[in-house]
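Here is how the chains run, residue by residue.
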Amino acid sequence: MHGAVGEVMSKPELPKAYEAKDHETRIYAEWEKDKEFRATVNPDREPYTIMIPPPNVTGVLHMGHVLDNALQDSMIRFRRMQGREALWQPGTDHAGIATQNVVEKALRAEGKTRHDLGREKFVEKAWAWKEEKGGHILQQLRRLGSSPDWDRTRFTMEPDLSKAVTEAFIRLHKKGLVYRGNYIVNWCPRCMTALSDEEVEHTDEQSSLWHIRYPLSDGSGHVTVATTRPETMLGDTAIAIHPDSEKTAHLKGKTVRLPFLDREIPIVEDDYVDAEFGAGALKVTPAHDPNDFEIGKRHNLPAINVMNKDATISEEGGPFAGMDRYDARKKVVAELEEMGLLEKIEDHPNAMGRCHRCNTVVEPTLSMQWFVKMQPLADPALKAYHDGDVKFIPEHWGKTYTHWLGNIRDWVISRQLWWGHRIPVYYCDGCEHEMVAHEAPANCEKCQGTAITQDPDVLDTWFSSWLWPFSTLGWPEKTKDLEYFYPTQWLTTGPDIIFFWVARMIMAGLEFMGEVPFKEVYLHGIVRDGKGRKMSKSLGNSPEPIDIIDEYGADALRFTMIALTPTGQDVQFDAKKTELGRNFANKIWNASRLILSNLEGYTGQETMAEPTAADRWILSRLDRAISEVTKAFDESRFSEAAWYLYEFFWKEYCDWYLEFSKLRLRGEEGEEARSRAQHTTLEVLKTSLTLLHPLFPFMTEAVWENVPSTEGRLIAANWPDARGAVDEAAEREIEPVMEAISALRNMRGEMNVPPSTRLSIMVQTDTNTQALLEKGTGLLRTLARVDSIVMG
């Protein structure tokens, strides 16, 4: 408690300047020690839950994290101060591919591979790495001021969450939604695993289109096809033409000889073929193209895989076996030219698919994998959106969501890794019977054999992340946390994972919990550099957030990122822009220091003069600020909340009201007037600190510690309600005075009249404004340094 009402208040002394490093570590340690972030099941309070997008356990803080977590922290602090039982659920993701790459890199430095260790020892080493270095980003989030309930920190591979993953797989398998089969997958030859469509990033790159002649078997000529991947012709099993095309009608029923392998392959008719493209014929390689795979199924064509896992040509590639795919491409093209079978080469733009982890060009390859049937899960998720059960902010992302769900493909969930959730499928070595179970069976349920082998693959990392909103709360058990905190209210993340994570969580929530996992999804903009490029570690175009925090302070960085990122829009950022937040933090600190230094002798109970028009004006503006900022937070308009507070506190409160009140605060207009000015300035300061706290948590808490007549910490203070104090008459009275003072100050500057020179002025205006100015002559005399005023 910092001075009770009725006691003469001491004169608090704030240091002259706000030095973030003098406060942030201490304040955060106190918050954490006293469990200020804790959320518990509380029937007397309405819950409010936010699930953190779990950062990769390999991750370090980058500018995208800064924006994402500053928004989440601002919202959870706001809801906590509103009296909600506010849970911000933290945790990390095991990041299958990324973590395995990190551990394998360390092994390579020792001259070893994971195969030298074996699976069990490799997984032990990955766990050891996780325990030693895997929580680094969570410590960095503390530096940012993030306030999740750290006691609830979860990890996607901890026992309870692993149990949830197994349960989800088994339930989907029982419903026939999980299946195993050969299908074209995106294969990364660097990470040596299959990737989902969402894990492939497509970039427009300049490539070539090779026009190749395939000799007709009857010697009557040839058919020309065009391809961007000539090496895959080694796996061709047909040529396709459109059944209604006159251009290729003469080819019906014929066959061609496949160059290099002298394999006779048929010409088939299929509606998929674009008769207008090139010569109207298409090479069909069922093992290396998803569309060709479908053509192959329709015509019962064999699928010949000519690519090894490391993107070298397999034995099926005949004379090119063992060659790297690109070396094989060069050799195929060269030999086609020698044989007179290369008709021409054209420049051709191509959407190249690359692994989102290592940037390697992926290879579409036929592979035996585990899949989830997505359409039965997507249909309820579409309905939930159309029924208004989940809302996207900005709304246009709803169209993206519906388009993706409406064109969804089955999800390949198996990964050829060792780090991750092992697929809970077991095979009998004797009779090859397949069993799906929580634990390894002791005997084969079919032949009773005891030789049992578990599927070697692990599940896609996102298969655990899509369960995050309820697995973290105890599912599949029916816990009190799950009953109380689910569904969550609000989620924020970047639009780049709307398919990876957001849509899948909605599907999983509906499937396993019977309701959507969150009510609102706020998709914030992407942080970009001055050239408009997305900031990333690989490009080296991102400043280090911790370095910015060390220089400017966490509050300054948070406020700057939020203020400069309007709803749904990208932000171009460089570290120097953080001066915006630092300057505002300094303004708040200096104004607080001025106000607190003028409270000597104030008790809050003594007789006060009636409020002046300036007092009524600032209290009216404060009431508007409470309403507008509360509404902005409610509607996820964070940038607008930030700028509203900037304008109110800096411009209206500091630049105008404190100027209006300085004579009274100095006692030059009597003790009763001084007491009224002290009372109003203190009331506005306390309320302003409360409104500012979600954006400036450290600095406002540091000021609050020195504010009289406050109890407890600001983080636990009540969010203010608008008090119906909007006074339009006071606003009408003060605004012309402000305009007149501004005009006089501008005229001084234009006419080079020194500020110390007192003026005599004549005012000509309409009757209503003249009456208002006459009421404000005292302010005009003081702030514009005017001796005499003549109303014309």
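The rules behind these values
Residues numbered from 1 in each chain as written. Predicted model: local features only at pLDDT ≥ 70, side-chain atom pairs only at ≥ 80, totals over all residues. Heavy atoms only, no water. Helix = DSSP H or I, 4+ residues; strand = E, 2+ residues; numbered from the N terminus. Contact = heavy atoms within 4.5 Å. Lys, Arg positive; Asp, Glu negative; His and termini not counted. Charge placed at Lys NZ, Arg CZ, Asp CG, Glu CD. Pairing = 2+ DSSP bridges. Axes fitted to C-alpha atoms, helices over the stretch in contact; angles between N-to-C directions. Core = buried A, V, L, I, M, F, W, Y, C linked by side-chain atoms within 4.5 Å. Buried < 20%, exposed > 50% of the residue type's maximum accessible area, 1.4 Å probe, protein only. Right-handed = clockwise from strand over helix to strand, strands pointing away. Polar contact = N/O pair within 3.5 Å; in protein donor to acceptor, adjacent residues only side chain to side chain. Phe/Tyr/Trp six-rings, centres within 6.5 Å; stacked < 30°, edge-to-face > 60°. Lys NZ or Arg CZ within 6 Å of the ring centre and 35° of its normal. Parallel < 35°, antiparallel > 145°, perpendicular 65-115°, else oblique. Left-handed = near helix turned anticlockwise from the far one by under 90°. Nonpolar A, V, L, I, M, F, W, Y, C, P; charged D, E, K, R; others polar. Expected span 1.5 Å × (residues − 1). Salt bridge = Lys/Arg side-chain N within 4 Å of Asp/Glu carboxyl O. Disulfide = S-S within 2.5 Å.

Q: Quick question: what am I supposed to make of the overall build of the protein here?
A: Secondary structure assignment for the protein yields 25 helices and 27 strands. For the C-alpha atoms alone, the extent of the protein along its principal axes is close to 110 × 65 × 55 Å. In the protein, the share of contacts with a sequence separation of at least 24, taken over all contacts with a separation of at least 6, comes to 77%. Here the protein contributes 93 positively and 121 negatively charged side chains, and the mean placements of these two sets differ by 3 Å.

Q: Would you mind showing me how to read the sheet that holds strand S7 (residues 200-215) here?
A: Strand order across the open sheet formed by three strands is S8-S7-S13, with antiparallel pairing between neighbours. Unpaired on one side and paired on the other, strand S8 (222-227) and strand S13 (342-355) mark the two borders of the sheet. Between one strand axis and the next, the sheet turns by 20° as a mean value, whatever way the strands run. In this structure, S7 lies alongside S8, joined through six bridges in antiparallel fashion. Residue pairing for S8: Ile 212 is matched across the bridge by Val 225. The strands that helix H9 (residues 325-338) touches are S7 and S13; relative to S13, the one it contacts most, it runs at about 165°.

Q: Hey, could you run me through the nonpolar core in this one?
A: Taken as a class, soluble globular proteins show a tendency for nonpolar side chains to be buried jointly. Counting 163 residues, the largest nonpolar core has Phe 392, Leu 405, Phe 463, Trp 466, Met 507, Phe 649 and Tyr 653 as its most contacted members. Here this core gets 14 residues from one element, more than from any other, and that element is helix H20 (residues 638-665). Discounting chain neighbours no more than four positions away, the residues touching Met 507 are Met 374, Leu 377, Ala 378, Ala 381, Trp 404, Leu 405, Ile 408 and Trp 466.

Q: I keep staring at the sheet that holds strand S6 (residues 193-195) and nothing clicks. Help me out?
A: Strand pairing within a sheet occurs via backbone hydrogen bonds; the two strands may be parallel or antiparallel. Spatial strand order, S6-S5-S14-S16: four strands in an open sheet with antiparallel pairing. The open sheet terminates on both sides in strands that have one partner only, identified here as S6 and strand S16 (411-412). Pairing analysis gives 10 bridges linking strand S5 (residues 178-188) to strand S14 (residues 363-372), with the strands arranged antiparallel. Along S14, the bridge assignment pairs Arg 180 with Trp 370.

Q: Explain the pairing of strand S1 (residues 47-51) here, please?
A: Within a regular strand, the side chains alternate between the two sheet faces. Most of S1 is tucked away: five of the five residues are buried. Neither face of S1 is left uncovered, since the one carrying Pro 47, Thr 49 and Met 51 and the one carrying Tyr 48 and Ile 50 both have all their residues buried. Pairing of S1 with strand S2 (residues 85-89) involves five bridges; the strand directions are parallel. Bridge assignment links Met 51 to a residue of S2, and that residue is Gln 89. A crossover links S1 with its parallel partner S2, the connecting element being helix H2 (residues 63-81), and its sense is right-handed.

Q: Where do I start with the environment of Asn 443 in this structure?
A: With respect to the helices and strands, Asn 443 occurs in the loop between strand S19 (434-436) and strand S20 (452-454). At a separation of 3.3 Å, a polar atom in the side chain of Asn 443 contacts the main-chain carbonyl oxygen of Gln 448.

Q: What should I look at first to understand unusual backbone geometry in this one?
A: Most peptide bonds take the trans configuration, and most residues that are not glycine carry a negative phi. A cis amide bond links Trp 475 to the next residue, Pro 476, at an omega of 15°. The topology assignment puts Pro 476 in the loop between helix H13 (468-471) and helix H14 (480-485). Residue Pro 487 is reached from Tyr 486 by a cis peptide bond, and omega for that bond is 0°. Within the fold, Pro 487 resides in the loop between H14 and strand S22 (488-493). Positive phi is not limited to glycine here, since Ala 95 has a value of about 50°. Considering the arrangement of structural elements, one finds Ala 95 in the loop between strand S3 (91-92) and helix H3 (96-109).

Q: Is there a simple way to think about the packing of aromatic side chains in this case?
A: Centre-to-centre distance and the angle between the planes together describe a pair of aromatic rings. Tallied over the full model, the rule gives 49 aromatic pairs. Taken together, a centroid distance of 6.2 Å and an interplanar angle of 20° make the contact between Phe 584 and Trp 650 stacked. One end of the pair, Phe 584, is in helix H18 (residues 579-597); the other, Trp 650, is in helix H20, and 66 residues separate them in sequence. When its relative accessible area of 0% is taken as the criterion, Phe 584 is described as buried. Both rings, one in Phe 584 and one in Phe 696, keep their centres 5.4 Å apart while their planes meet at 80°; by these two values the pair is edge-to-face. One end of the pair, Phe 584, is in helix H18; the other, Phe 696, is in the loop between helix H21 (671-692) and helix H22 (697-704), and 112 residues separate them in sequence. Both residues of the pair, Phe 584 and Phe 696, belong to the buried class. Members of the aromatic cluster, connected to one another through ring pairs, are Phe 169, Trp 370, Trp 411, Phe 463, Trp 466, Phe 470, Trp 475, Tyr 486 and Phe 512. Directly above the aromatic system of Trp 31 lies the positively charged group of Arg 77, at a separation of 4.5 Å from the ring centroid. Above the plane of the ring of Trp 411 lies Arg 504, whose end atom (NZ or CZ) is 3.9 Å from the centre.

Q: So what exactly am I meant to see when it comes to the packing of helix H17 (residues 554-563) against H18 here?
A: Helix packing for two helices is described by the angle between their axes and how far apart those axes are. The N-to-C vectors of H17 and H18 enclose an angle of 120°; their axes lie 7 Å apart at closest approach. Relative to H18, the element H17 is oriented oblique. In the crossing of H17 with H18, the sense of the turn from one axis to the other is right-handed. Where H17 abuts H18, its residues Ala 556, Phe 559, Thr 560 and Ala 563 lie against Leu 580, Gly 581, Arg 582 and Phe 584. Looking at the contact of H17 with H18 residue by residue, the class counts come to five nonpolar, two polar and one charged.

Q: How do you make sense of helix H7 (residues 159-174) when you look at a structure like this?
A: Because each turn of an α-helix spans 3.6 residues, side chains separated by three or four positions in sequence point in the same direction. Spanning 16 residues, H7 covers 23 Å between terminal C-alpha atoms, matching the ideal 22 Å at 1.5 Å per step. The set of residues buried in H7 consists of Leu 161, Ser 162, Ala 164, Val 165, Thr 166, Glu 167, Ala 168, Phe 169, Ile 170 and Leu 172. Two residues or fewer past H7, Gly 176 is found with a positive phi of approximately 80°.

Q: I'm lost on the pattern of salt bridges in this one. Help?
A: For side chains of opposite charge, pairing can occur when their charged atoms come near one another. If you walk through the whole model with that rule in mind, you get 58 salt bridges. As a salt-bridge pair, Arg 298 and Asp 270 come within 2.9 Å of each other at their nearest N and O atoms. Taken together, the positions of Arg 298 in helix H8 (residues 290-298) and Asp 270 in the loop between strand S11 (263-269) and strand S12 (281-284) put the pair 28 residues apart, joining distant regions of the chain. Using a relative accessible area of 49% as the deciding quantity, one classes Arg 298 as partly exposed. With relative accessibility at 5%, the residue Asp 270 sits in the buried group.

Q: Help me understand the state of the cysteines in this model?
A: In protein structure, a disulfide is the covalent linkage between the sulfur atoms of two cysteines. Enumeration over the complete set of coordinates arrives at zero disulfides. With no disulfide of its own, Cys 358 lies closest to Cys 188 among cysteine sulfurs, the gap being 3.5 Å. Classification of Cys 358 by relative accessible area gives partly exposed; the value is 26%.

Q: Which parts of the structure should I look at to understand the side chain of Thr 488?
A: Its location among the elements puts Thr 488 in strand S22. A polar contact is formed between the side chain of Thr 488 and the backbone oxygen of Pro 517, at a distance of 2.7 Å. Among residues more than four places away in sequence, those in contact with Thr 488 are Thr 49, Met 51, Pro 517, Phe 518 and Lys 519.

Q: Sorry if this is basic, but what is going on with the packing of helix H1 (residues 24-33) against H22 here?
A: Contact pair H1 / H22: the axes reach a minimum separation of 10 Å and the direction vectors enclose 85°. The orientation of H1 with respect to H22, classified from their angle, is roughly perpendicular. The residues of H22 that touch H1, namely those facing Glu 24, Ile 27, Tyr 28 and Trp 31, are Pro 697, Phe 698, Glu 701 and Ala 702. Class assignment for the residues of the contact of H1 with H22 results in six nonpolar, no polar and two charged.

Q: What is the right way to read the side chain of Thr 49 from this model?
A: One can find Thr 49 in strand S1. For Thr 49, a relative accessible area of 0% puts it in the buried group. Separated by 3.1 Å, the side chain of Thr 49 and the backbone oxygen of Phe 485 make a polar contact. Each residue touching Thr 49, except ones within four places of it in the same chain, is listed here: Leu 87, Phe 485, Thr 488, Gln 489 and Trp 490.

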